[in-house]
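Topology and contacts: notes
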Amino acid sequence: MTPFLLGIGGGTASGKSTVADAVASALGSRCLHIHHDRYYHSLPVELRHQPLEYNFDHPDALETERLVGDLATLRAGRAAALPVYDFASHARSDTTERVSPHPVILVEGILVLSDPRLRSLLDRAVFVHAPSDVRLARRIRRDMAMRGRDAESVLTQYERTVRPMHLQYVEASQQYADVVLDGTSRLDGLVAQVLELLP
């Protein structure tokens, strides 16, 4: 059976990762969940200690061409060696993770729907939307609680790269979604809407 490819995109802190995780959990062993984030290029050496100077939200920050190749390999029924990214050092690991095809392959990330090469492989596309003020508040809370950052650094990064890239690339990709979900709605209802897209 050819794997069914499902893409879930949306802005930072829109709720897309929460939805994707819940969908993957509901599908269990039927689903392979691939985060676009694992395809980040290694940060230039001169920026390793100044990661906030780097634009993580621009398409060029990610090796999407490799993701497209890996998805094509999996769709053809062959195992693929996925890259491993170390977020602590902001560098690509020398090791890879070998994965096999699953009935459902879920690909998630802010830029998943913005790349035409990637979109062409998807059987269904979902965009999770949330108002900008909600997303910013969520991002501040998340980064302070989970990444040990202060509110000022989160706001600086948001203004410098996150918001401009969202407006230029992420928001526009909403038009390619089969379904647009409200990221402020109940999670169980959102998951049910996504599961309805599957064969």
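In case you missed it, the structure is sitting above this.
Reference entry: report on the structure contained in this document.

Rules and cut-offs
- Residues numbered from 1 in each chain as written.
- Predicted model: local features only at pLDDT ≥ 70, side-chain atom pairs only at ≥ 80, totals over all residues.
- Heavy atoms only, no water.
- Phe/Tyr/Trp six-rings, centres within 6.5 Å; stacked < 30°, edge-to-face > 60°.
- Helix = DSSP H or I, 4+ residues; strand = E, 2+ residues; numbered from the N terminus.
- Buried < 20%, exposed > 50% of the residue type's maximum accessible area, 1.4 Å probe, protein only.
- Lys NZ or Arg CZ within 6 Å of the ring centre and 35° of its normal.
- Axes fitted to C-alpha atoms, helices over the stretch in contact; angles between N-to-C directions.
- Parallel < 35°, antiparallel > 145°, perpendicular 65-115°, else oblique.
- Left-handed = near helix turned anticlockwise from the far one by under 90°.
- Contact = heavy atoms within 4.5 Å.
- Arc of directions from axis to C-beta.
- Pairing = 2+ DSSP bridges.

1. Section: the packing of aromatic side chains
- Scanning the entire structure with this criterion turns up five aromatic pairs.
- Consider the rings of Y40 and Y85, whose centres lie 5.5 Å apart with planes at 50°: the pair is tilted. Note that Y40 is positioned in the loop between β2 (31–35) and α2 (64–75) and Y85 in strand β3 (residues 80–86), a separation of 45 residues in sequence. Per residue, the accessibility class of Y40 equals that of Y85, and both read buried.
- R119 extends its terminal NZ or CZ atom over the ring of Y176, reaching a point 3.5 Å from the ring centre.

2. Some words on the packing of helix α4 (residues 132–146) against helix α5 (residues 151–170)
- Viewed as axis vectors pointing N to C, α4 and α5 meet at an angle of 135°, and their least axial separation amounts to 10 Å. Our classification of the angle between α4 and α5 gives oblique. Note on packing geometry: the crossing formed by α4 with α5 is right-handed. Together, S132, R135, L136, R139, I140, D143 and M144 of α4 and A151, V154, L155, Q157, Y158, V162 and H166 of α5 make up the contact between the two elements.

3. Thoughts on helix α6 (residues 187–195)
- Every buried residue belonging to α6 is among L190, V191 and V194, and all of these are buried. For α6, the angular spread of the buried residues around the axis is 100°, confining them to a single face.
- Those residues of α6 that are buried lie in contact with β1 (4–10), α1 (16–27), β6 (124–129) and β7 (179–182).

4. Focus on the environment of R138
- Here R138 is to be found in helix α4.
- In the structure, R138 is positioned 54 residues away from V84 in sequence and 26 Å away in space, judged by C-alpha atoms.
- Those residues in contact with R138 that sit more than four places away from it in its chain are A13, S14, G15, A130, G183 and T184.

5. Comments concerning the pairing of β7
- Covered by surrounding structure in β7 are V179 and L181 only, the residues V180 and D182 on the alternate face being uncovered.
- Both β6 and β7 contribute to a ladder of four bridges, which runs parallel. In the sheet register, H129 faces β7, and the bridge partner there is D182.

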